[in-house]
Amino acid sequence: MALKFSMPVQNSRILSVGAYRPARVVPNSEIVDKIDSTDEWIRQRTGIETRHIADADESLIDMAQAAATIALRRSGIGMDQIGAVIFATISYPYQAPSAATELIVRLGNPKAAAFDISAACAGFSYGIALANDLVRNRTVDYVLVIGGEKLSDFTNPTDRATAFIFADGAGAVVVGPSEDPGIGPTIWGAAADSRDAITLMPSYLDYKNPETRGAASWPDIAQQGQVVFRWAVYEMAPVGLKAIAAAGLTPEELSAFIPHQANERIIDSLVRTMKLPESVIVARDIRTTGNTSAASIPLAMDALLASNPELHGKPALLIGFGAGLVYAAQVVELPPLPHE
Ligand code: UT7
């Protein structure tokens, strides 16, 4: 027998964004000696000039709390109205309980539904997909989505393949009901046959062997940069175009493009391949923020709105891609001017 209830769907949108960047700015010159590199190489190959790195005693949750507090204030929604908290991260140092539950205690609503998602650099776009469905289906009215990383805890400063890329920060958005559709359908998926291309794990053998388990090595990110680069450049442009079409728009109708900030050459290539017109403003936050994985899209969104306030309420293509390999893209209406 069918269940006896009816729940008409409602539209949803991003109501606000908040960001937190650690105070310490680290230029390439502070990194190059340990990896036999140069400021020029890092700028040319990635676009990165500086990045923010958290202090040793500044935790992932400290950063997430700061970003979430700003997003809540700008939305005009109280933490007591938030029905679910989705925390996208790969750098919370505990398997359980989750980062999201630590955060809701700090934010003063320990009763909200709360969970983490592990989708690396696609985590924020995965979180938006879930938040959209939760609001659309009236499971909850308001969702707080966090993308936060303290990647400096998991990056080996002597690893030439990763030390210059990864950085720290947190971004947050409040998603809630809306008169018109403000979050387009998500195009997502994986290329999991390449799941070894980026990893963050302790030595498997050390961990499995009872004799060496206690001495298992500290986990650091390892990356086959070229594998990820090629995949992103060749496979993500069609995904972005599908997300634009799924939202019922053409590239000409987009106002902004906010891709995961992995490498400025990947961003340039996607703009070229998707043939985005010059009128589309492209986020290039990577130059001063580096690659902050799940935090990179909300951080870039916040920076873009600060420098281009006319983009409030305009459609932007988001696309996240990374370890898994996993990806997700959707067009969103950027949040309206802050409610403060
Ligand atoms: O956010 C998650 C997803 N991650 C990504 O999307 C990252 C995607 N990958 C990348 O962004 C790029 O692959 C990197 C920036 C990581 C590396 O750039 P690349 O252009 O792919 O470098 P490569 O590994 O092909 O190396 C090119 C050259 C080599 O020298 P030769 O053989 O051409 O003489 C390397 O030895 O650059 C050299 N090299 C370096 N030189 C200075 C490699 N790493 C460095 C370095 N400093 N750190």
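What counts, and where the lines are drawn
- Residues numbered from 1 in each chain as written.
- Predicted model: local features only at pLDDT ≥ 70, side-chain atom pairs only at ≥ 80, totals over all residues.
- Heavy atoms only, no water.
- Core = buried A, V, L, I, M, F, W, Y, C linked by side-chain atoms within 4.5 Å.
- Buried < 20%, exposed > 50% of the residue type's maximum accessible area, 1.4 Å probe, protein only.
- Helix = DSSP H or I, 4+ residues; strand = E, 2+ residues; numbered from the N terminus.
- Domains from an automatic or database assignment.
- Contact = heavy atoms within 4.5 Å.
- Near = heavy atom within 4 Å.
- Polar contact = N/O pair within 3.5 Å; in protein donor to acceptor, adjacent residues only side chain to side chain.
- Areas by Shrake-Rupley, 256 points an atom, 1.4 Å probe, with all protein chains shown as cover.
- Nonpolar A, V, L, I, M, F, W, Y, C, P; charged D, E, K, R; others polar.
- Buried area = accessible area lost by both parts, 1.4 Å probe.
- Pairing = 2+ DSSP bridges.
- Axes fitted to C-alpha atoms, helices over the stretch in contact; angles between N-to-C directions.
- Parallel < 35°, antiparallel > 145°, perpendicular 65-115°, else oblique.
- Left-handed = near helix turned anticlockwise from the far one by under 90°.
- Phe/Tyr/Trp six-rings, centres within 6.5 Å; stacked < 30°, edge-to-face > 60°.

(A) Quick peek at the nonpolar core. W231, M236, F257, L270, L276, L317 and F321 are the most contacted members of the largest nonpolar core, which has 47 residues in total. Of all the secondary structure elements, the ones that give two or more residues to this core are α6 (225-246), α7 (264-273), β13 (315-322) and β14 (326-333). There are two domains that each give this core at least three residues, and those are domain 1 (11-178) and domain 2 (187-333). Ignoring anything within four residues of it in the chain, the contact list for L276 reads I244, P251, L254, F257 and V271. Formed by 36 residues, the second largest nonpolar core is a distinct cluster that contains V140, V143, I297 and V326.

(B) Region of interest: the site of the ligand. Near the ligand lie 21 residues; those nearest to it are S37, R45, Q226, N263 and N291. One nitrogen or oxygen atom from the side chain of W41 is found 3.2 Å from an oxygen atom belonging to the ligand. Within the side chain of H260, an N or O atom sits 2.8 Å from an oxygen atom of the ligand. Isolated, the ligand exposes 950 Å² of accessible area, and the fraction of that covered by the protein chains is 73%. Listing elements by their share of the shell around the ligand, those giving two or more residues are α1 (39-46), α6 and α7. Of the residues belonging to the shell around the ligand, the class tally is 10 nonpolar, eight polar and three charged. Taken together, domain 1 (11-178) and domain 2 (187-333) each give at least three residues to the shell around the ligand, which thus spans both.

(C) The arrangement of the side chain of S293 in detail. When you line up the elements, S293 lands in the loop between α8 (286-289) and α9 (296-307). Polar contacts involving the side chain of S293 include one to the main-chain amide nitrogen of C121, which spans 3.3 Å.

(D) How the structure looks around the domain arrangement of the chain. If you check the domain split of the chain, you get domain 1 (11-178) and domain 2 (187-333). Just the C-alpha atoms count here: the centres of domain 1 and domain 2 sit 14 Å apart. Summing both partners gives a buried area of about 3700 Å² for domain 1 against domain 2, and 60% of it is carried by carbon and sulfur. Counting across the domain 1 and domain 2 interface gives 19 residue pairs in polar contact (both at pLDDT 80 or more). Within the residue set of the side of domain 1 that touches domain 2, elements represented by two or more residues are β1 (11-20), α1, β3 (50-52), α4 (123-136), β6 (142-150) and β7 (168-178). Residues of the side of domain 1 that touches domain 2, tallied by class, amount to 24 nonpolar, 15 polar and 10 charged.

(E) Spotlight on the pairing of β14. Of all the eight residues making up β14, seven are buried; the element is thus mostly covered by neighbouring parts of the structure. Pairing of β13 with β14, which is carried by eight bridges, proceeds in the antiparallel orientation. The residue of β14 that forms the bridge with G320 is A328. Hairpin connection of β13 to β14: three residues between the antiparallel strands, including G324 at a positive phi of 150°.

(F) The packing of helix α2 (residues 60-75) against helix α3 (residues 99-107), seen in detail. Direction vectors running N to C along α2 and α3 enclose 55°, while the axes themselves pass 10 Å from each other. Classified by the interaxial angle, the pair formed by α2 and α3 is oblique. Both α2 and α3 take part in a crossing whose hand is right-handed. Seen from α2, the contacting residues are I61, D62, A64, Q65, A68 and T69; seen from α3, they are A99, E102, L103, R106 and L107. Each residue belonging to the contact of α2 with α3 can be placed in one class, and the counts come to six nonpolar, two polar and three charged.

(G) Inspection of the packing of aromatic side chains at higher detail. Within the structure shown, the criterion is met by five aromatic pairs. An angle of 50° between the planes, with centres 4.8 Å apart, marks the rings of Y126 and W188 as tilted. Taken together, the residues span a long stretch of sequence, with Y126 in helix α4 and W188 in strand β8 (residues 187-190) at a distance of 62 residues. Geometrically, the ring pair formed by W231 and Y327 is tilted, given 6.3 Å between the ring centres and 55° between the ring planes. On the criterion of sequence distance, the pair formed by W231 in helix α6 and Y327 in strand β14 is long-range, its members being 96 residues apart.

(H) Here's a closer look at the sheet that holds strand β12 (residues 281-282). Taken together, five strands build an open sheet; the order of strands is β8-β14-β13-β11-β12 and the sheet is mixed. Looking at the sheet topology across the chains shown, the edges are occupied by β8 and β12. Along the sheet, α4 makes contact with β8, β13 and β14, crossing β14 at roughly 60°. Lying over the sheet, α7 contacts β11 (256-259), β12 and β13, oriented at roughly 140° with respect to β11.

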